[in-house]
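As a plain string of letters, each chain reads:
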Amino acid sequence: MRYKDLFVDFDDTLYDTHGNAVVALKETFEAFHLERYFSDPQVFYDAYWMANIDLWSHYSKGDITRDYLIVERFRRPLSVGDGLTVTEAFCLEMSDVFLDFCSNKPGVVEGAHELMDYLKSRGYRMHMTSNGFHEVQYKKLAACGLRDYFDTIILSEDAGVNKPSPLYFDFALNMSGAERQTTLMIGDNMQTDIQGALHAGIDALLFNRWGVDADEAEKRPTFVVDRLLQIKELL
């Protein structure tokens with residue numbers, strides 16, 4: 001086999017983070033009775049996703065701290081509401097409730113369990129690589145039943161740096177005992193997963209869930225698939 005070790009991104013590659021968060025955000029809106037401040041819930045949802053995407057992009061680059069992200073991703077959408085005084089304490093309370101709702105959702109991307117069964121049967125060593133928060137990721141793993149597939153859990157909080165930093169991938173290689181030339185990174189994010197791995201000298205497979213133009217990337221992925229189960233044809 002060309003590869004012995006697989007670095008596998010978790011959020012939105014295997015675990016349907018976006019789909020689960022959509023449901024959890026609605027539950028959080030209702031739990032805090034935000035209809036008092038938003039006549040149209042969609043205004044809050046849209047503002048949340050705009051803030052969340054922007055903040056995670058900055059977080060992955062090391063531009064902002066985890067604590068800033070947690071507060072700001074709720075401060076921004078709440079500030080759009082009518083007549084609501086937004087405090088840091090309220091944002092933190094909302095974050096705790098939201099993350100609890102999120103982390104208990106079992107939803108995975110179509111084909112996730114079948115793919116992992118296949119890869120395990122083929123003898124690959126698999127290592128979860130994630131920028132997600134420690135206390136949340138382990139709950140998600142338990143909720144969706146994917147924990148036992150992984151030989152190693154490699155979180156950016158343990159590495160001290162986020163993907164796409166080459167230092168993260170150096171840490172991952174050291175922690176997993178994998179060799180750079182026989183390792184493949186699998187992920188959905190062109191920057192954090194694919195460009196990060198390629199710049200670290202690791203081959204990378206893009207699960208093109210979001211329909212990006214892979215040809216426009218600084219470094220082209222080693223492989224591109226549109227569905228998870230297409231990976232079986234390559235590995």
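Residues numbered from 1 in each chain as written. Predicted model: local features only at pLDDT ≥ 70, side-chain atom pairs only at ≥ 80, totals over all residues. Heavy atoms only, no water.

Asker: If you had to explain the pairing of strand β4 (residues 183-187) to someone new, which residues and values would you point to?
Answerer: Along any regular strand, the residues point their side chains to alternate faces of the sheet. Counted residue by residue, β4 has 5 buried out of 5 residues, so it is predominantly covered. Here β4 shows two buried faces, one formed by Thr183, Met185 and Gly187 and the other by Leu184 and Ile186. Two strands pair when backbone bridges link them, and β4 and strand β5 (residues 203-207) are joined in this way by 4 bridges, in the parallel orientation. Each residue of the ladder has a partner; that of Met185, found in β5, is Ala204. In this region the chain leaves β4, passes through helix α9 (residues 190-199) and returns to the parallel neighbour β5; the handedness of that crossover is right-handed. (Buried < 20%, exposed > 50% of the residue type's maximum accessible area, 1.4 Å probe, protein only. Helix = DSSP H or I, 4+ residues; strand = E, 2+ residues; numbered from the N terminus. Pairing = 2+ DSSP bridges. Right-handed = clockwise from strand over helix to strand, strands pointing away.)

Asker: A description of the pattern of salt bridges should follow, citing residues and the corresponding values.
Answerer: Evaluation of the coordinates by the stated rule reveals 18 salt bridges. The salt bridge involving Asp16 is made with Arg209; its shortest N-O contact spans 2.7 Å. Of this pair, Asp16 sits in the loop between β1 (5-9) and α1 (17-31) while Arg209 sits in the loop between β5 and β6 (223-225), placing them 193 residues apart in sequence. Between Glu135 and Arg66 there is a salt bridge whose closest N-O contact spans 2.7 Å. Of the two residues, Glu135 sits in helix α6 (residues 134-144) while Arg66 sits in helix α3 (residues 66-79), which places them 69 residues apart along the sequence. Judged by relative accessible area, which is 23%, Arg66 ranks as partly exposed. If you follow the salt bridges from partner to partner, you end up with Asp54, Glu72, Arg75 and Arg76 in one network. (Salt bridge = Lys/Arg side-chain N within 4 Å of Asp/Glu carboxyl O.)

Asker: Outline α9, listing residues and values.
Answerer: The element α9 is largely enclosed, with a buried count of 8 among its 10 residues. Where α9 is buried, its residues touch β1, α2 (41-60), α8 (166-176), β4 and β5. Capping the start of α9 is the job of one residue whose side-chain oxygen sits 2.9 Å from the backbone nitrogen of Gln191: Asn189. Gly201, located one to two residues past α9, shows a positive phi value of around 80°. (Contact = heavy atoms within 4.5 Å. Polar contact = N/O pair within 3.5 Å; in protein donor to acceptor, adjacent residues only side chain to side chain.)

Asker: Please provide a residue-by-residue account of α3, values included.
Answerer: An ideal rise of 1.5 Å per residue puts 20 Å on 14 residues; α3 measures up with 20 Å between its terminal C-alpha atoms. At Glu72, α3 shows its largest bend, some 25°. Residues of α3 that are buried: Leu69, Ile70, Val71, Glu72, Arg73, Phe74, Pro77 and Leu78. In this structure, the buried side of α3 is in contact with α1, α2 and α4 (88-103). (Expected span 1.5 Å × (residues − 1). Bend = angle between axes of the 7 residues up to and from the residue.)

Asker: Please give an account of the nonpolar core that cites residues and values.
Answerer: Judged by nonpolar contacts, the single largest core of 30 residues is most densely connected at Leu6, Phe150 and Leu235. Elements with a minimum of two residues in this core: β1, α5 (112-121), β2 (125-130), α6, β3 (152-155), β4, β5 and β6. At 4 residues, α5 tops the list of elements feeding residues into this core. Discounting residues that sit within four places of it in the chain, Phe150 has contacts with Val8, Leu14, Met116, Met126, His127, Met128 and Leu141. Judged by nonpolar contacts, the second largest core, of 29 residues, contains Ala21, Phe44, Ile64 and Phe74. (Core = buried A, V, L, I, M, F, W, Y, C linked by side-chain atoms within 4.5 Å.)

Asker: Now, about the side chain of Asn162: what can you tell me, with residues and values included?
Answerer: Looking at the secondary structure, you find Asn162 in the loop between α7 (156-159) and α8. Look at Asn162 and you get buried, because its relative accessible area is 11%. Polar contacts involving the side chain of Asn162 include one to the main-chain carbonyl oxygen of Tyr59, which spans 2.5 Å. Setting aside its immediate chain neighbours within four residues, Asn162 contacts Tyr59, Ser60, Gly62, Asn131, Ser156 and Tyr168.

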